[in-house]
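Below are the chains, spelled out letter by letter.
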Amino acid sequence: NAGVMQNPRHLVRRRGQEARLRCSPMKGHSHVYWYRQLPEEGLKFMVYLQKENIIDESGMPKERFSAEFPKEGPSILRIQQVVRGDSAAYFCASSPPGRTRAYEQYFGPGTRLTVT
Amino acid sequence: QQQVKQSPQSLIVQKGGIPIINCAYENTAFDYFPWYQQFPGKGPALLIAIRPDVSEKKEGRFTISFNKSAKQFSLHIMDSQPGDSATYFCAASWGWREGTYKYIFGTGTRLKVLA
């Protein structure tokens, strides 16, 4: 069973460009979470999605950031008009459905975004 | 309070030592407490987790101690090895809505085990 997949692993964008980060959850998992990690800091929650639904986006900046988890295909975190402050590692985590194990989150390898 | 306080920020031990990392929380609604291990350039990996109805859990060389009344929990690494050198994060989770759970992470502890 493959783990959580993220791509690209490294992404360089110039200021003002768009960044698209992809996350494929573990097989059978229906919950996806996105986190941001700045250098030498902890993980900050951004958004929580289930298939075709945004459950909680309270940690996501109101402007320039959006996320989706379509019925088919990976979850996408989209950052429009990137600025240098967006440079960070972005991690996706997934968890299985159901009450017994939905609290377990499994992380992908992350996408390291560098804005020049 | 939706916060988990983790200490120390960094820790250096000799090989074979027992590093201890501590976390404290306020919100009694938290009901699941995992620990994650992260190597440089990698994603966090779930290491071990505990529920508040248990005071201790062991998995291999890793042990979680849980003190519900003090609202504290800690990670102990027995017989630590240089390969354990990593950043460790505690987290707390709660059932946010039916079937959905959210995490709050501690700020991390950078552990270095000297050979």
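First, a word on scope: everything that follows refers to the structure included in this document. Not measured: the values here are computed from a predicted model. For every chain, the first residue of its written sequence is number 1, and the numbers climb from 1 along that sequence. Both sets of labels track the order of writing: A upward for chains, 1 upward for ligands. Local features in a predicted model are, by the rule used here, given only for residues with pLDDT of at least 70; side-chain atom pairs are given and counted only at 80 or more, and totals for whole chains, interfaces and linings are based on all residues. Remark: hydrogens and water are excluded; side-chain values derive from all non-hydrogen atoms of the structure.

A few points about the packing of aromatic side chains
All names here are of chain B.
Then comes step 1: Two rings from Phe, Tyr or Trp (for Trp, the six-membered ring) form a pair when their centres sit within 6.5 Å of each other. Planes less than 30 degrees apart are called stacked, planes more than 60 degrees apart edge-to-face, and all others tilted. Inspection of every chain in the model, using the stated rule, returns 19 aromatic pairs over all chains.
Then comes step 2: Centre to centre, the rings of Phe-30 and Trp-94 are 5.6 Å apart; their planes meet at 55°, and the pair counts as tilted. One end of the pair, Phe-30, is in the loop between β3 (20-25) and β4 (33-38); the other, Trp-94, is in strand β9 (residues 86-97), with 64 residues separating them in the sequence. Exposure class is identical for Phe-30 and Trp-94. Each is buried. Comment: elements are numbered from the N terminus, with helices defined as DSSP H or I runs of at least four residues and strands as E runs of at least two. Throughout this description, buried means an accessible area under 20% of the type-specific maximum (1.4 Å probe, protein chains only), exposed means over 50%, and partly exposed covers the range between.

Focus: the interface of chain A and chain B
Then comes step 1: Across the boundary between the two partners, chain A contributes 26 residues, which contact 23 residues of chain B.
Then comes step 2: Both sides together, the interface formed by chain A and chain B hides about 1900 Å², and carbon and sulfur atoms give 55% of it.
Then comes step 3: Salt-bridge detection follows one rule: a side-chain nitrogen of Lys or Arg within 4 Å of a carboxyl oxygen of Asp or Glu. At the junction of chain A and chain B, the tally comes to one salt bridge.
Then comes step 4: For Lys102(B), the salt bridge goes to Asp56(A), with nearest N and O atoms at 2.2 Å. By definition in these notes, contact holds between two residues if any of their heavy atoms fall within 4.5 Å. Note on terms: buried area is the combined drop in 1.4 Å-probe accessible area of two parts once they are placed together, counting the loss on both.

Digging into unusual backbone geometry
Then comes step 1: The residue after Asn7(A), namely Pro8(A), is reached through a cis peptide bond having omega -5°.
Then comes step 2: You can see Pro8(A) is positioned in the loop between β1 (5-7) and β2 (10-13).
Then comes step 3: Between Ser7(B) and Pro8(B) the backbone carries a cis peptide bond, its omega angle lying at -5°.
Then comes step 4: Counting through the fold element by element, Pro8(B) comes out in the loop between β1 (4-7) and β2 (10-14).
Then comes step 5: In this structure, Glu52(A) takes a positive phi of about 65° despite not being glycine.

Considering the layout of surface pockets
Then comes step 1: Every definition here rests on a 1 Å grid over the protein atoms only: cavities are sets of points where a 1.4 Å probe fits but cannot get out, pockets are open sets enclosed by protein on both sides within 12 Å along at least five of seven lines, and lining residues have some atom within 4 Å of a point. Grid points are joined across faces, edges and corners, and a volume is the space filled by probe spheres set on the points. For the largest pocket, the calculated volume is near 720 Å³.
Then comes step 2: Lining the largest pocket are 33 residues; nearest its centre among them are Gln37(A), Glu40(A), Glu41(A), Gln38(B) and Thr87(B).
Then comes step 3: Taken together, the elements giving at least two residues each to the lining of the largest pocket come down to β5 (43-50), β9 (88-95) and β11 (111-115) of chain A together with β2, β9 and β11 (109-114) of chain B.
Then comes step 4: When its residues are assigned to classes, the lining of the largest pocket shows 14 nonpolar, 12 polar and seven charged.
Then comes step 5: Computed from the structure, the second largest pocket encloses a volume of approximately 200 Å³.
Then comes step 6: Contributing to the lining of the second largest pocket are Tyr35(A), Leu43(A), Lys44(A), Phe45(A), Gln2(B), Gln3(B), Val4(B), Trp94(B), Lys102(B), Tyr103(B), Ile104(B) and Phe105(B).
Then comes step 7: Elements with a contribution of two residues or more to the lining of the second largest pocket: β5 of chain A together with β10 (100-105) of chain B.
Then comes step 8: Looking at which element gives the most residues to the lining of the second largest pocket, the answer is β10(B), with four residues. Any residue that is not Ala, Val, Leu, Ile, Met, Phe, Trp, Tyr, Cys, Pro, Asp, Glu, Lys or Arg is counted as polar, Gly included; the first ten are nonpolar and the last four charged.

Comments concerning the pairing of β5(A)
All names here are of chain A.
Then comes step 1: Counting buried residues along β5, six of its eight residues qualify, which places the element largely inside the surrounding structure.
Then comes step 2: Relative to β5, strand β4 (residues 31-37) runs antiparallel, the two being bridged by seven bridges. From the neighbouring strand, Arg-36 faces β5, where its bridge partner is Lys-44.
Then comes step 3: Taken together, β4 and the strand that follows it, β5, pair antiparallel across an intervening segment of five residues, in which Glu-40 is found at a positive phi of about 65°.
Then comes step 4: Note that β5 and strand β6 (residues 53-56) share three bridges and pair antiparallel. Paired with Gln-50 across the strands is Asn-53, a residue of β6. One requirement defines pairing of two strands: DSSP has to find at least two bridges between them.

What about the sheet that holds strand β8 (residues 75-79) of chain A?
All names here are of chain A.
Then comes step 1: As summarised here, the arrangement of the four strands in space is β1-β3-β8-β7, forming an open sheet in which the pairing is antiparallel. Edge positions in the sheet fall to β1 and β7 (65-68), since each of these pairs with one other strand and no more. Each adjacent strand pair in this sheet contributes to an overall mean axis angle of 15°, direction not counted.
Then comes step 2: When β7 meets β8, the two strands line up antiparallel, connected through four bridges. Each bridged residue has a counterpart across the sheet, and for Phe-65 the counterpart in β8 is Ile-79. Helix axes use the C-alpha atoms of the stretch in contact, all axes being lines fitted to C-alpha atoms, and the angles between their N-to-C directions lie in the range 0 to 180 degrees.

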